[in-house]
Amino acid sequence: MGGLQILFSNYLINVGVVAWFSAQLLKVIITYLTTNKLNLERFVGAGGMPSSHSALVCSIAIAMAKKVGFASPEFALALTLAAVVMYDATGVRRAAGEQAKVLNSLLEKGDLQAWIKTVLKDGVEEDPFDNPALPEKDKKADVPKPLKEFLGHTPLEVLGGALLGILVAMAMPVA
C-alpha cells in the first residue's frame, strides 16, 4: 500500500480533513453572503465563522470515541486536545487579533510611531525606528504592512466549529 493510500485510509484523518474543509468552505460562503465579495483568502485564513480548528479537533475527538469508545485513553487525549485548542482560539489568538486591530488603526492614522516614541521616551534615548538591525526596506517604508486581524474566534464561532465537527464525525461511518 502506497504512502498516500495509507494516509487516506485512516478514518480519523479523513474525518478531520472533511470537517476542516467544510468549515473553511463555509467561511468563504458566509463571507460572500455578508459582504457580497468573494474572498478566497478566507479558505485558508484563520478566524471567522465557523472555527475550522474547532471543527477539526472536535471531529477527531468524536471519531475517536466512535472507534475506540468514550472510556478509552485515546478519547480522553483527543478531548483534552480539543479543549485546549478551543480555549486558545477564544483566548490568546482572539486577544492577538484585537491588538492587531488597534495597531492597524494607529498605522492608518499615522500615529503608531508617535505613540511608541511617547511610550518609550523615558527609557530610550535613541529613536527605536533608527535601529540598524532592521532591514533597510522596513526602516524606509512609510506605512508597514497591516497585521492580520482574523486570528482567533468569538465563543459563537468556536461553538459553530465544534458543532460542525461533531456532525461530520457522526455522519461519517467508522472504517
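Please refer to the structure placed before this passage.
Here goes a summary of the coordinates provided. (Residues numbered from 1 in each chain as written. Predicted model: local features only at pLDDT ≥ 70, side-chain atom pairs only at ≥ 80, totals over all residues. Heavy atoms only, no water.)

### With respect to the packing of aromatic side chains
Phase 1 of the analysis: For the structure on display, the rule yields three aromatic pairs.
Phase 2 of the analysis: Their ring planes at 80 degrees and their centres at 5.3 Å tell us that F21 and F43 sit as a pair that is edge-to-face. Here F21, found in helix α2 (residues 11-35), pairs with F43, found in the loop between α2 and α3 (52-68); they are 22 residues apart in sequence, far enough to count as distant.
Phase 3 of the analysis: Where F70 meets F75, the ring centres are 5.1 Å apart and the plane angle is 75 degrees; that geometry is what we call edge-to-face.
Phase 4 of the analysis: Looking at F70, the relative accessible area reads 62%, which means it is exposed.
Phase 5 of the analysis: Site record: aromatic cluster; members linked through ring pairs are W20, F21 and F43. (Phe/Tyr/Trp six-rings, centres within 6.5 Å; stacked < 30°, edge-to-face > 60°. Helix = DSSP H or I, 4+ residues; strand = E, 2+ residues; numbered from the N terminus. Buried < 20%, exposed > 50% of the residue type's maximum accessible area, 1.4 Å probe, protein only.)

### Digging into the packing of α2 against helix α8 (residues 155-171)
Phase 1 of the analysis: Where α2 meets α8, the axes come as close as 9 Å, and the angle between the chain directions of the two elements is 135 degrees. Considering their axes alone, α2 and α8 lie oblique with respect to each other. Relative to α8, α2 is oriented so that their crossing is right-handed. In this structure, α2 contributes Y11, V15, V18, A19, S22, A23 and L26 to the contact, and α8 contributes L164, G165, V168 and A169.
Phase 2 of the analysis: Of the residues assigned to the contact of α2 with α8, the class counts are nine nonpolar, two polar and no charged. (Axes fitted to C-alpha atoms, helices over the stretch in contact; angles between N-to-C directions. Parallel < 35°, antiparallel > 145°, perpendicular 65-115°, else oblique. Left-handed = near helix turned anticlockwise from the far one by under 90°. Contact = heavy atoms within 4.5 Å. Nonpolar A, V, L, I, M, F, W, Y, C, P; charged D, E, K, R; others polar.)

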